[in-house]
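Observations on the model geometry
So the chains spell out like this:
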Amino acid sequence: MAILSIQSHVAYGHVGNASAVFPMQRLGVEVWPIHTVQFSNHTGYGAWRGQVFDAGLIADCVSGIAERGVLGQCEAVLSGYMGSHDTGSAILDAVARVRAANPRAIYACDPVIGDVGRGIFVRPGIPEFMRDRAVPAADLITPNQFELAWLAGREIATLADLRAALAILHAMGPKTVMVTSLMLDDTAADAVDIAVSHPGGLHRMRTPKLDCHVNGAGDCIAALFLVHCLRMGDPAAAMQRAGSSVHGLLTRTVAAGSREILTVAAQEEFVEPSWLFTLEHFPI
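Residues numbered from 1 in each chain as written. Predicted model: local features only at pLDDT ≥ 70, side-chain atom pairs only at ≥ 80, totals over all residues. Heavy atoms only, no water.

In terms of regular secondary structure, the protein chain is built from nine helices and twelve strands. Computed over its C-alpha atoms, the radius of gyration of the protein chain comes to 18 Å, within 12% of the 19 Å expected for a compact globule of 284 residues. Across its three principal axes, the protein chain shows a C-alpha extent of roughly 50 × 40 × 35 Å. Per-residue burial for the protein chain yields a buried fraction of 52% across its 284 residues. Here the analysis covers contacts within the protein chain between residues at least 6 apart in sequence; of these, 67% occur between residues at least 24 apart. Carbon and sulfur atoms make up 53% of the accessible area of the protein chain, which totals about 12,000 Å². When the 20 positive and 27 negative side-chain charges of the protein chain are each reduced to one mean point, those points stand 2 Å apart. (Helix = DSSP H or I, 4+ residues; strand = E, 2+ residues; numbered from the N terminus. Rg over C-alpha atoms; globule rule 2.2 N^0.38 Å. Buried < 20%, exposed > 50% of the residue type's maximum accessible area, 1.4 Å probe, protein only. Contact = heavy atoms within 4.5 Å. Areas by Shrake-Rupley, 256 points an atom, 1.4 Å probe, with all protein chains shown as cover. Lys, Arg positive; Asp, Glu negative; His and termini not counted. Charge placed at Lys NZ, Arg CZ, Asp CG, Glu CD.)

Take a look at the structure:
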């Protein structure tokens with residue numbers, strides 16, 4: 001199995017490809033990373049060095065892979081934060097080239113737009129690009145609750161609100177939608193939910209809330225979910241594995257008092273989560 005992962009990258013810490021690539025490799029997946037930026041560290045520190053790469057780099061690298069005659073081996077394209085329209089367009093062009101080489105390949109888009117408490121934190125025009133072009137092109141998307149609400153154009157406070165928003169997203173194109181950082185009116189104050197909607201119905205998983213404020217967990221869970229979906233063919237089971245793994249990863253990160261997620265030190269969580277949380281099923 002090979003996955004083309006097109007995201008940002010940092011030398012220190014774990015966000016973007018630095019958070020997504022190793023967990024997939026630890027699960028035995030061949031990953032072809034293309035970096036859209038190379039920074040010293042994530043921008044949450046307030047200071048960083050490095051540069052944003054020209055969008056042409058994406059097309060150039062994909063062409064180089066195609067020249068090796070292996071593009072047809074790619075089973076999925078994974079994308080995360082898109083810094084500009086040009087980068088987004090280049091990613092969608094890469095998806096089209098992979099699908100032409102392997103019609104069974106899927107596109108997994110983590111539609112990074114913003115989050116509760118922070119609001120929209122991407123550049124102007126990117127949310128609209130996600131809604132109008134990236135999401136409709138995707139087979140699988142992994143928004144958080146804030147991003148799902150923005151994409152669907154409606155507030156999400158109840159289970160009924162969630163189902164209505166998911167129906168809007170499915171109508172845009174994606175068959176599978178996993179929602180992270182989900183807090184509904186029936187979610188306990190000391191818990192947080194994850195949900196996945198797919199042709200088999202809606203499944204929800206509840207995990208204890210952790211006092212953890214690190215970057216990169218969303219990039220990690222999107223990558224793990226994609227791998228498990230490809231291998232298991234069951235989005236609910238894939239969410240259970242991915243969500244349980246990331247909970248274990250964050251639990252160990254909190255225990256260590258680390259500002260960066262312990263992607264390497266806690267790598268066994270990707271293979272065998274310390275906890276496997278139960279699923280709640282809501283039929284179609």
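Let us look at the packing of aromatic side chains. Overall, the coordinates contain two aromatic pairs when judged by the stated rule. Between tyrosine 12 and tyrosine 45, the ring centres sit 6.4 Å apart and the planes meet at 55°, which makes this aromatic pair tilted. Placement of the pair is tyrosine 12 in the loop between strand S1 (2–10) and helix H1 (17–26) and tyrosine 45 in the loop between strand S2 (30–39) and strand S3 (50–52), with a sequence separation of 33 residues. The exposure class of tyrosine 12 is exposed, given its relative accessible area of 51%. Geometrically, the ring pair formed by phenylalanine 39 and tryptophan 48 is tilted, given 6.0 Å between the ring centres and 40° between the ring planes. (Phe/Tyr/Trp six-rings, centres within 6.5 Å; stacked < 30°, edge-to-face > 60°.)

Moving on to the packing of helix H3 (residues 85–101) against helix H4 (residues 126–137). In the contact formed by H3 and H4, the axes pass within 11 Å of each other and the chain directions differ by 5°. In terms of orientation, H3 lies roughly parallel with respect to H4. For the pair formed by H3 and H4, the contact residues are His85, Gly88, Ser89, Leu92 and Arg99 on the first element and Ile126, Phe129, Arg133, Ala134 and Ala137 on the second. When grouped by side-chain class, the residues that make up the contact of H3 with H4 number five nonpolar, three polar and two charged. (Axes fitted to C-alpha atoms, helices over the stretch in contact; angles between N-to-C directions. Parallel < 35°, antiparallel > 145°, perpendicular 65-115°, else oblique. Nonpolar A, V, L, I, M, F, W, Y, C, P; charged D, E, K, R; others polar.)

For the rest of this paragraph, the subject is the sheet that holds S1. Across the sheet, which stays open at both edges, the ten strands sit in the order S3-S2-S1-S4-S5-S8-S9-S10-S11-S12 with mixed pairing between neighbours. The open sheet is flanked by S3 and strand S12 (279–282), the only strands paired with a single partner. Pairing of S2 with S3 involves three bridges; the strand directions are antiparallel. In the sheet register, valine 37 faces S3, and the bridge partner there is valine 52. (Pairing = 2+ DSSP bridges.)

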